[in-house]
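Chains, contacts and geometry: an overview
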Amino acid sequence: MPRKPPETFLPLKSNWLHILLSLVEGEQHGYGIMQDVLERSDGKVRLWPATLYGSLKRLIQEGLIGESSERPAPELDDARRRYYKLTPLGRRVLDLESERLRGLVRALQAKRKLEA
Amino acid sequence: MRTWMSGCQAVYRRLSRAFPHEFRMVCGDGLERLGEDLAPLIWRDQGVLGLIRLFTDIALRLPLEHMMTWVNTTKEATMTGDLFEGTWKATKSERVQWDPAYPQPQQTCLRLEATETGYLMVAYGIVDGQACAERPQSIFSDGRRRPLVDLNGRPIPGVPAGAVTFGGCPDSHTLEVGAEIDGKVLGAGTYKVSADGNTMTVTNEGIGLKGPFKVITVFERVVPDPYLPVS
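Below or above, wherever it landed, is the structure these notes cover. (Residues numbered from 1 in each chain as written. Chains lettered and ligands numbered in written order. Predicted model: local features only at pLDDT ≥ 70, side-chain atom pairs only at ≥ 80, totals over all residues.)

**Structural notes on the pairing of strand 4 (residues 130-133) of chain B**
All names here are of chain B. What counts is decided by this rule: Two strands pair if DSSP finds at least two bridges between them. Helical segments are the DSSP runs of H or I of at least four residues, strand segments are the runs of E of at least two, and each set is numbered from the N terminus.
Note that strand 3 (residues 118-127) and strand 4 share 4 bridges and pair antiparallel. Opposite I126, over in strand 4, you have A131 as the bridge partner. If you look at the hairpin formed by strand 3 and strand 4, you'll find 2 residues sitting between the two strands, and D128 has a positive phi there, around 50°.

Structure follows, in structure tokens:
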């Protein structure tokens with residue numbers, strides 16, 4: 001099946017954005033993603049397991065992330081865990097979303113300046 | 001307390017295993033592992049309220065995933081086996097481009113039937129208020145070149161002798177066909193079906209009786225297919 005163009009995913013759902021952000025620096029497993037999101041949001045955003053895995057499933061189906069075949073060093077690895085990574089499409093979507101958010105912030109700042 | 005927590009984990013495990021097969025194929029046993037590992041931590045940090053949230057999350061997601069699986073199964077069941085096969089009706093899309101040298105039909109329909117080598121295509125519609133139909137033609141999608149003749153192997157009026165036709169599928173949603181003679185292109189057509197299988201954009205260009213032409217038509221799949229028997 002041909003993939004959707006990256007623009008059609010915008011604006012990204014909040015959960016999807018958090019998950020994609022967690023995968024920017026490298027592969028992660030489900031628990032790692034959850035912890036990363038929790039830390040990055042100062043404990044305000046917790047992706048509960050079913051929500052997290054539901055989103056991971058959709059992201060895999062849409063081709064934004066994929067399951068990684070590479071495993072960490074055996075001493076760092078838990079064989080039960082599945083690792084996920086960004087795909088080129090996922091990276092492109094994330095770039096477009098960050099550009100969109102930057103535009104929103106610019107617009108807000110411009111309005112604030114006018115008010116002042 | 002340990003028994004209480006083991007009970008919670010067992011219930012979580014059972015709920016996780018009740019997720020549809022499609023979900024478990026993609027996520028493996030990640031959900032049940034994560035839930036089981038998380039339950040004691042949530043209990044320690046957030047108490048009963050945390051556990052309620054943990055179970056609410058899975059209790060809401062479970063029917064949602066079953067519903068999504070059911071919707072996908074229904075969608076697949078209503079799609080025809082072949083993306084191109086079926087009856088298509090032209091729309092008034094903005095992408096439509098008609099050559100003014102030719103009368104634009106008020107209605108156009110295409111019927112595509114899969115054959116061993118490609119498709120049998122019948123085009124019909126209404127032009128100047130009159131019902132009309134083109135002669136049925138074969139569209140080949142196997143990459144081989146064949147003489148451009150009618151279904152009975154006879155020459156087609158207006159088509160020079162020696163013309164060949166060919167076609168192929170560069171991807172699963174696109175069919176490209178063409179006709180040429182001595183290396184000179186007589187015509188080319190592209191049939192592109194949308195990702196959801198409901199729209200087909202047909203681009204035809206070549207040299208007709210009134211000179212070069214290019215026509216773009218957007219079709220919608222006719223559902224239910226009027227040519228299929230109602231069960």
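**A closer look at the packing of helix 1 (residues 14-22) of chain A against helix 3 (residues 49-62) of chain A**
Residues and elements named next belong to chain A. As a reminder, the rule being used: For helices, the fitted axis covers only the stretch in contact; all axes are lines through C-alpha atoms, and the angles between them, taken along N-to-C directions, range from 0 to 180 degrees. Each angle gets one of four labels, with under 35 degrees taken as roughly parallel, over 145 as roughly antiparallel, 65 to 115 as roughly perpendicular, and the rest as oblique. A pair of residues counts as a contact when their C-beta atoms, built from backbone coordinates, are within 7 Å of each other. Under the scheme applied, nonpolar residues are Ala, Val, Leu, Ile, Met, Phe, Trp, Tyr, Cys and Pro; charged residues are Asp, Glu, Lys and Arg; polar residues are all the others, including Gly.
The interhelical angle for the contact between helix 1 and helix 3, taken along N-to-C directions, is 80°, at an axis separation of 10 Å. Considering the angle they form, helix 1 stands roughly perpendicular to helix 3. Counted together, N15, W16 and I19 of helix 1 and T51, S55, L56 and L59 of helix 3 form the full contact between these two elements. Class assignment for the residues of the contact of helix 1 with helix 3 results in 4 nonpolar, 3 polar and no charged.

**Re the environment of B:G189**
Tracing the backbone shows B:G189 in strand 9 (residues 184-193). Aside from chain neighbours lying at most four places away, what touches B:G189 is B:V177, B:V202, B:T203 and B:N204.

**A look at unusual backbone geometry**
All names here are of chain A. For clarity, the cut-off: Residues with at least 20 neighbouring C-beta atoms inside 10 Å of their own are called buried, those with 12 or fewer are called exposed, and the rest are partly exposed, where every C-beta is derived from the backbone.
Cis peptide bonds are those with omega within 30 degrees of zero, and the linkage from L10 to P11 qualifies with -10°. Of note in this structure, D42 is not a glycine but carries a positive phi near 55°. Within the fold, D42 resides in the loop between helix 2 (30-40) and helix 3. With 7 C-beta atoms packed within 10 Å, D42 lands in the exposed category.

**Brief notes about the interface of chain B and chain A**
Listed by partner, the interface residues are 20 residues for chain B and 16 residues for chain A. Among the secondary structure elements, those contributing two or more residues to the side of chain B that touches chain A are helix 2 (21-27) and helix 3 (30-78) of chain B. Per-element tally for the side of chain B that touches chain A: the top contributor is helix 3 of chain B, with 13 residues. Here the residues of the side of chain B that touches chain A are counted per class, giving 9 nonpolar, 4 polar and 7 charged.

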